[in-house]
Amino acid sequence: MSWQRRFHTRQTTFRQLEIFMRVAEDASVTKAAKHLHLAQPTVSTQIAKLAEALKVTLFEQVGKRLFLTDVGKDVLEATRELFNVMDSLEMRLAKREGLSLGQLRISVVTTAKYLIPTYLGEFCQMYKDIEPEFQVGNRAEIIERLKRNADDIYVFSNPPRELDIEAQLLTKNPLTVIAKKDHPLAHRKSIQWDLLKEERLLMREMGSGTRYAIEKHFTQHQLPMNKMVTIASNEAIKESVMAGLGIAIVSQHALNHMAPGNLVELPVDGFPIANSWYWVYPKGKHLSPAAIAFKQHVEMRLR
Ligand code: PGA
């Protein structure tokens, strides 16, 4: 007879086995009922049902004492083994869940580093077992990581159409014209780009999404491109603008965050350039629970 037939799996429950184990260990229905916070008749009924399902006698009552029968001892041994196996399965499952909940690998472009860390900090306060890995790079570097499937989720602008990806709008990232505070046009209410065409334009490096969006804007609007100086950092660009090296077009987030006092935003017609960040990940990728939860947290905070 196979164990399934004898065990009548539909009639025998883990709960019955658990109750049986407790009664056997306490050698008493009364004590077991107390331990399990159950009524004594409930315990007796469940033991009777288990014995019936297995077609064996599990206990013998001698005077006031309860003894396991020989077959009862076998059932107890098997029950303990069964619970040990289930315990170790539970531990393995918890570990697995803990692992996926614990890791959050996120890669963002340099402009988004002014926004995402605040939310990441809050998120890690709420979920203490999260271990964040936070990468910052320019758009080309982040796209490279995406292609290698290096992280759970990515944030950048202008997701390339040729890639097989999911891209969901995160929030706006307008690109605005900045100059030093005492720039001769700083007091104007509106400025034509033409008036700025002789200015040196401080531009991020090749591969930067900010640069990509600026070049796209200039091409689309047929604006003359200025003399350029490449500076591979938003912070260094802000410092250089303040030092009078030229003007720049930067993310408004980069400007708002730790905005140096002696910079101004110039009200140039057609600016700021409308740009947006997206959550991006490879199509078909199953986002980890941590990535889903973090994405939801940021979206809730931005609402
Ligand atoms: P980046 O970011 O200029 O740091 O590459 C821009 C973006 O993709 O928003």
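Residues numbered from 1 in each chain as written. Predicted model: local features only at pLDDT ≥ 70, side-chain atom pairs only at ≥ 80, totals over all residues. Heavy atoms only, no water.

### Some details on the domain arrangement of the chain
Phase 1: According to the domain assignment, the chain consists of domain 1 (2–78), domain 2 (98–171 + 277–301) and domain 3 (175–274).
Phase 2: On a C-alpha basis, the centroid separation for the pair domain 1 and domain 3 is 79 Å. (Domains from an automatic or database assignment.)

### Here's the deal with the pattern of salt bridges
Phase 1: Across all of its chains, the model carries 12 salt bridges by this definition.
Phase 2: Measuring nitrogen to oxygen at the nearest pair gives 3.2 Å for the salt bridge that ties Arg105 to Asp152. Here the residue Arg105 occupies a position in strand S3 (residues 103–109), and Asp152 occupies one in the loop between helix H7 (139–147) and strand S5 (153–157), the gap between them amounting to 47 residues.
Phase 3: Its salt-bridge partner being Glu205, residue Arg204 comes within 2.9 Å of it at the nearest N-O pair.
Phase 4: Residue Arg204 is classed as buried on the basis of its relative accessible area, which comes to 5%. (Salt bridge = Lys/Arg side-chain N within 4 Å of Asp/Glu carboxyl O. Helix = DSSP H or I, 4+ residues; strand = E, 2+ residues; numbered from the N terminus. Buried < 20%, exposed > 50% of the residue type's maximum accessible area, 1.4 Å probe, protein only.)

### Quick word on the pairing of strand S2 (residues 65–68)
Phase 1: Alternating positions in S2 separate cleanly, Leu66 and Leu68 being buried on one face and Arg65 and Phe67 remaining unburied on the opposite face.
Phase 2: Looking at chain direction, strand S1 (residues 59–62) and S2 are connected through four bridges and run antiparallel. Counted as the bridge partner of Glu60 is Phe67 from S2. (Pairing = 2+ DSSP bridges.)

### Section: the environment of Glu198
Phase 1: Looking at where Glu198 falls in the secondary structure, it is placed in the loop between strand S7 (175–180) and strand S8 (201–203).
Phase 2: Looking at Glu198, the relative accessible area reads 60%, which means it is exposed.
Phase 3: Sequence spacing of Glu198 and Ala254 is 56 residues, and the spatial spacing of their C-alpha atoms is 25 Å.

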